[in-house]
Amino acid sequence: MTTPPSLAPLARRRLLARLALAWEAIWPAIWPALGVVGLFLTYALLGLPLLLPGWLRMLVALGFAVAAGFALRQGLRGFRWPGNDPADRRLERDSGLEHRPLAALTDRPATDDPVAQAVWAVHRDRVLSSVRRLQVGLPRPGLAKRDPVALRAALGLSLFAALIIAGPEAPERLRRAFAGEVAMPAAPPAMRLEAWITPPAYTAAAPIFLDPAGGEVSVPAGSRLQVALSGGTGGVPALQIGQSATAFRALDNRSFGAEAMLDQGARLVIRRDATEVAAWTLTVQADQPPRTRFTEAPGRATRGLGIRLPWEVEDDWGAVALVAEIRLKARPDAPPHVVEIPLPAQARQARGVSGPDLSAHPWAGLDVEIVLRARDGAEQDGVSAAAALTLPERSFTHPVAQALIALRKALSLEPNARREARVALDRLAAAPEAFEHDTTTYLALRAARHRLTRDRRPEAVSEAQEIMWETALALEEGRAERTARALQQAREELRQALQEAQRQMEEQRNGERTERNAEQRSETERRIQELRDAIRRHLEALAERLQQENAEAMPYDPQNRLMDRRDLDRRTDRMREANRQDRPEEAERELAELEEMLRALEEGRSARNEQQERRRQQRQRGEQQMGVVQDMVQREARMLDSGHRRAEAETQRREAERRAEQQQRRTPWNRQTPEQQQQQQQQRAEAEQQAQAEAQREARTQRALRRALGEVMQQFGDLTGEVPPQLGRADQAMREAQEALLQGEDARDAQQRAIRELVEGARQMAQQMQRQFGQQEGEGEGEGEEGGEMMGQGQGQGEGQDQAQDQGDGRDPLGRRTREAPGAQDAGSDTRVPDEAELLRTRRLQEELRKRGAERERPQDELEYIDRLLRRF
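Everything numeric in this text was worked out from a predicted model, so none of it was measured.

How each quantity is defined
- Residues numbered from 1 in each chain as written.
- Predicted model: local features only at pLDDT ≥ 70, side-chain atom pairs only at ≥ 80, totals over all residues.
- Heavy atoms only, no water.
- Buried < 20%, exposed > 50% of the residue type's maximum accessible area, 1.4 Å probe, protein only.
- Helix = DSSP H or I, 4+ residues; strand = E, 2+ residues; numbered from the N terminus.
- Pairing = 2+ DSSP bridges.
- Axes fitted to C-alpha atoms, helices over the stretch in contact; angles between N-to-C directions.
- Salt bridge = Lys/Arg side-chain N within 4 Å of Asp/Glu carboxyl O.
- Expected span 1.5 Å × (residues − 1).
- Arc of directions from axis to C-beta.
- 1 Å grid on protein atoms, 1.4 Å probe; cavity = no way out; pocket = protein on both sides within 12 Å on 5 of 7 lines; lining within 4 Å.
- Points joined across faces, edges and corners; volume = space filled by probe spheres on them.
- Nonpolar A, V, L, I, M, F, W, Y, C, P; charged D, E, K, R; others polar.
- Patch = residues over 30% accessible without salt bridge, like charges linked within 9 Å, V, L, I, M, F, W, Y side chains within 5 Å.
- Areas by Shrake-Rupley, 256 points an atom, 1.4 Å probe, with all protein chains shown as cover.
- Lys, Arg positive; Asp, Glu negative; His and termini not counted.
- Charge placed at Lys NZ, Arg CZ, Asp CG, Glu CD.
- Parallel < 35°, antiparallel > 145°, perpendicular 65-115°, else oblique.
- Left-handed = near helix turned anticlockwise from the far one by under 90°.
- Contact = heavy atoms within 4.5 Å.
- Phe/Tyr/Trp six-rings, centres within 6.5 Å; stacked < 30°, edge-to-face > 60°.
- pLDDT = per-residue confidence, 0-100.

Now for the pairing of strand 11 (residues 291-294). Consecutive side chains along a regular strand alternate between the two faces of the sheet. Of the two faces of strand 11, the one holding Thr292 and Phe294 is buried and the one holding Arg291 and Arg293 is not buried anywhere. Strand direction decides the pairing type here: strand 11 and strand 13 (residues 307-314), joined by four bridges, are antiparallel. Within the sheet, the bridge partner assigned to Phe294 lies in strand 13 and is Trp311.

And the structure:
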């Protein structure tokens, strides 16, 4: 009997419900039998049957089989396959239906009343419509209620662990659990071979693992072979390299190991009980010495007193050291002077140029020979060809310094000529007027003579030469130069101390370290004091030099307050205060400003000169930007002319077509042939394409001009703080012209407006520059009128007033105007009021700082720094 289509979904759900009911009945029934089987498998995989005699092993296996069969029989004894009625009840229960609606599908009305039959049919249709909403829940065997302590999980975990323990022996152990033979020991593990070669450490190469299947391997000389063999059956294996054989050493009952150094190529074989286990063909590469050479002939550096040594080095595994050995040509047996040349790590090929300064060496000014010596990790050396060179030497102008340098060079050529050197030193010391009766110089000459006379060590000659060199430098440079070098050294040491303090502060913020802050603070305090003393000594030396040059005292320039010692002291005091408050970044900023002051002092520059130079540079940048605007005007005018030509050509073409059309109307017998009309249309199309292509090119040019104008506006705004509005209107007109050209329309009106606005914008730029930077040096009244056409009206008289106010006459040491100064009442206070550009920059800075200060996700130290800056405003 076929199932009606309307009952097909119900039939499928009934089948699923019957399967779920069957599983709920079968699974609890067969679980005891499965538990017995799981126990047996665990027992067998653990190897426990191998510990029992054969007859007992069979008996245990039979007992497990009987137990499993009995449990299965007991569990399935009352099982019946579910019918449709239990399936319907399960469907109704899982779907949440009440009053057993599925029974209506099999029931029939008790009477044949048509009304009853119709009502029953409606009821049956409703039931059928609900069939699609029937649900079959997942089977619920309820095994957890029967096994509340989860013994099934313990059994499954035990079975999994036993399977892992058995590994590849699991089939064999299961077979022996049923076998009746006498228990045999467990099968030995499979043989495992591992072999690798470790290259020498200087190669920095990774270990090479050998394939147990064999093959060919190439390794560097000095590599170490290591072999490990475990498992399998047989005696002690042997390692054979070429004709020599070495037995493995025993690591335990079944493991063996062997090691060997590989110095030459051979066939490597591992044997066990006369059986070849594995074999490889080894090729050993001998390490080659490094190769080095001069890529160019050594010579003097283009700047300074250094020498130029272009070098190149190669090695198969990378050179580790490269030195330049310099030997005195007149004394080849003398120990060479060695200059180390840094190399990149493990570079197999490298080249570079070294520039050591040997002007202070005793061999300076003498002929030498230079060779390069490279060394690799195997302690092998490679030497280049020798190159001749005369070491650069410093030139001296002081007579005594020249004599000391000549004497120093003579001792380099002949160290045993001590007597002649003593005589020369006595001659120099006997004429103190040659070195201005300087006591330090006299004592240095006597110390060098004593060293050559009393000290018979070979090193005494070089020590005396060092004294001569220092004395010559002191005589040549003078005290000011010596104090300048000491000042430079103090600045470098303080900068390093501040950088170290800042690094420690960063580590303290990150929680990496917190010690040594007090020690670092005291060290920085000492460096600041040394810098202060060095500044004082240098200023005294400068004053002494001026006095020696017939100057009564160091002149005071009110315009140059960089030489004010009180200002220098105030800056060092601020550096001390910042160091005590653990603010090394502020101390470093003060040091940078102090260095700028000292640099200006050393170079003889003043603050006024710097300001004038800065204004001159700004004026030059502004003039360059104005030149760019003028170039834009010219290019825009050329495009306007091109637009006029295109419009005129289009007008002429249309006029010619109109006349030709009128002529044809008057003389119909002279009509054009189709070929002539086609040719005329083709010419018209070519002319239109050419005009369109030219318009597209001009549109691209117009876009480039807009971009250039935007850059000029940005740069001029950064320079002066204000952008003329005419340039903005010119940019708008350029944009309209570009759009018109792209659409094939007339762009002449927009281009004319752009030219007018550019010209007016250039005029405004000239006026702004005149107001802020004044007129150029050398500009006069006549030039002002000529430049007024382009640069704007008015002359730069503000600069002249500034110059009058900045004169040194009538000012106190702090640069303020005194009451007795001429014109003090007229000029009024010299307090400078910020102009509009500076106010605009200040507002921009404030807005940017407030915006960043509102971003609370920034680091705390940065937020605190921003707050301090805002408090200054």
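Back to the text.
Our next topic: the sheet that holds strand 2 (residues 208-209). Whether parallel or antiparallel, the strands of a sheet pair through hydrogen bonds between backbone atoms. In space, the five strands of this open sheet follow the order 2-1-4-8-7, with antiparallel pairing throughout. Each edge of the open sheet is held by one strand with a lone partner, namely strand 2 and strand 7 (249-250). As paired strands, strand 4 (residues 223-230) and strand 8 (residues 255-262) are joined by eight bridges and run antiparallel to one another. Residue pairing in the sheet places Ser223 in a bridge with Leu262 of strand 8.

The next thing to look at is the sheet that holds strand 5 (residues 238-241). Read from one edge of the open sheet, five strands run 3-10-9-5-6, paired in mixed fashion. Strands at the two margins of the open sheet, each flanked by one partner only, are strand 3 (215-220) and strand 6 (244-247). Averaged over all pairs of adjacent strands, the angle between their axes in this sheet comes to 25 degrees, without regard to strand direction. Bridge count for strand 9 (residues 266-272) against strand 10 (residues 275-285) is seven bridges, and the pairing is antiparallel. Paired with Ala266 across the bridge in strand 10 is Leu282.

Here the idea is simple: oppositely charged side chains can pair when their charged atoms come close. A full pass over the atoms with the stated rule returns 37 salt bridges. For the salt bridge of Arg495 with Glu492, the shortest nitrogen-to-oxygen distance reads 3.0 Å. Of this pair, Arg495 and Glu492 are both found in helix 11 (residues 459-509), three residues apart, which corresponds to roughly one turn of the helix. Using a relative accessible area of 33% as the deciding quantity, one classes Glu492 as partly exposed. The partner of Arg646 in a salt bridge is Glu698, and the shortest N-O contact between them spans 2.9 Å.

Here we come to helix 10 (residues 439-454). Look at helix 10: 22 Å from first C-alpha to last across 16 residues, which is about the 22 Å you get at 1.5 Å a residue. Restricting attention to buried positions, one finds in helix 10 the residues Thr441, Ala444, Leu445, Ala448 and Leu452. Buried residues in helix 10, looked at end-on, bunch into an arc of 100 degrees, giving them a common side. Those residues of helix 10 that are exposed and aimed more than 90 degrees away from the buried face are Thr439, Thr440, Leu443 and Arg454.

For helix 2 (residues 54-76), which comprises 23 residues, the first-to-last C-alpha distance of 33 Å matches the rise-based estimate of 33 Å (1.5 Å per residue) to within 8%. Within the span of helix 2, buried status applies to Gly54, Arg57, Ala61, Ala68 and Ala71.

Time to look at empty space enclosed by the protein. Think of a ball as big as a water molecule: rolled over the atoms, this probe shows where empty space is left. Under the definition given, this model contains two cavities of 30 Å³ or more. What the largest cavity holds in volume is close to 100 Å³. Along the wall of the largest cavity there are twelve residues; nearest its centre are Ala501, Met505, Gln520, Asn579 and Asp582. If you list the elements that add at least two residues to the lining of the largest cavity, you get helix 11, helix 12 (517-548) and helix 13 (565-580). Broken down by element, the lining of the largest cavity gets its largest block of residues, four residues, from helix 12. Of the residues in the lining of the largest cavity, the class split is four nonpolar, five polar and three charged. Approximately 40 Å³ is the volume attributed to the second largest cavity. As for the second largest cavity, its lining consists of Ser359, Ala364, Glu393, Arg394, Phe396, Ile405, Arg408, Lys409 and Trp469.

Taken together, Arg697, Arg700, Arg703 and Arg707 make up a surface patch of like positive charges. Structurally, the position occupied by Arg707 is in helix 16 (residues 674-720).

Let us now look at the pairing of strand 19 (residues 387-390). Of the two faces of strand 19, only one is covered, namely that formed by Ala387 and Leu389; the face formed by Ala388 and Thr390 stays uncovered. Across four bridges, strand 17 (residues 367-376) lies against strand 19 in antiparallel orientation. Pairing of Ile370 across the sheet is with Ala387, part of strand 19.

Time to look at the packing of helix 17 (residues 725-742) against helix 18 (residues 748-773). The geometry of helix 17 relative to helix 18 is characterised by a closest axis approach of 8 Å and an angle of 160 degrees between their N-to-C directions. With respect to their mutual orientation, helix 17 and helix 18 come out roughly antiparallel. Here helix 17 runs over helix 18; the crossing is left-handed. Along its contact with helix 17, which presents Gln726, Leu727, Arg729, Ala730, Ala733, Met734, Glu736, Ala737 and Leu741, the element helix 18 presents Ala750, Gln751, Arg753, Ala754, Glu757, Leu758, Glu760, Gly761, Gln764 and Met765. Across the contact of helix 17 with helix 18, the residue classes break down as ten nonpolar, four polar and five charged.

This part is about the packing of aromatic side chains. Here the structure, examined in full by the defined rule, presents five aromatic pairs. Ring centres of Phe40 and Tyr43 lie 6.0 Å apart, and the angle between their planes is 45 degrees; on these two criteria the pair is classed as tilted. Here Tyr43 and Phe40 lie together in helix 1 (residues 8-45), a separation of three residues that amounts to about one turn. You can call Phe40 buried: its relative accessible area is 9%.

The predicted model of the protein chain has a mean per-residue pLDDT of 76, with 76% of residues at 70 or higher. For the protein chain, per-element mean pLDDT is lowest for helix 19 (residues 781-791), which scores 35, and highest for strand 11, which scores 94. Residue range residues 512-516 is modelled with pLDDT below 50. Its contacts to residues more than four positions away, or to other chains, number eight contacts.

Our next topic: unusual backbone geometry. The phi angle at Glu379 is positive, at roughly 60 degrees, despite the residue not being glycine. Mapped onto the elements of the fold, Glu379 is located in the loop between strand 17 and strand 18 (381-383). Looking at Glu379, the relative accessible area reads 56%, which means it is exposed.

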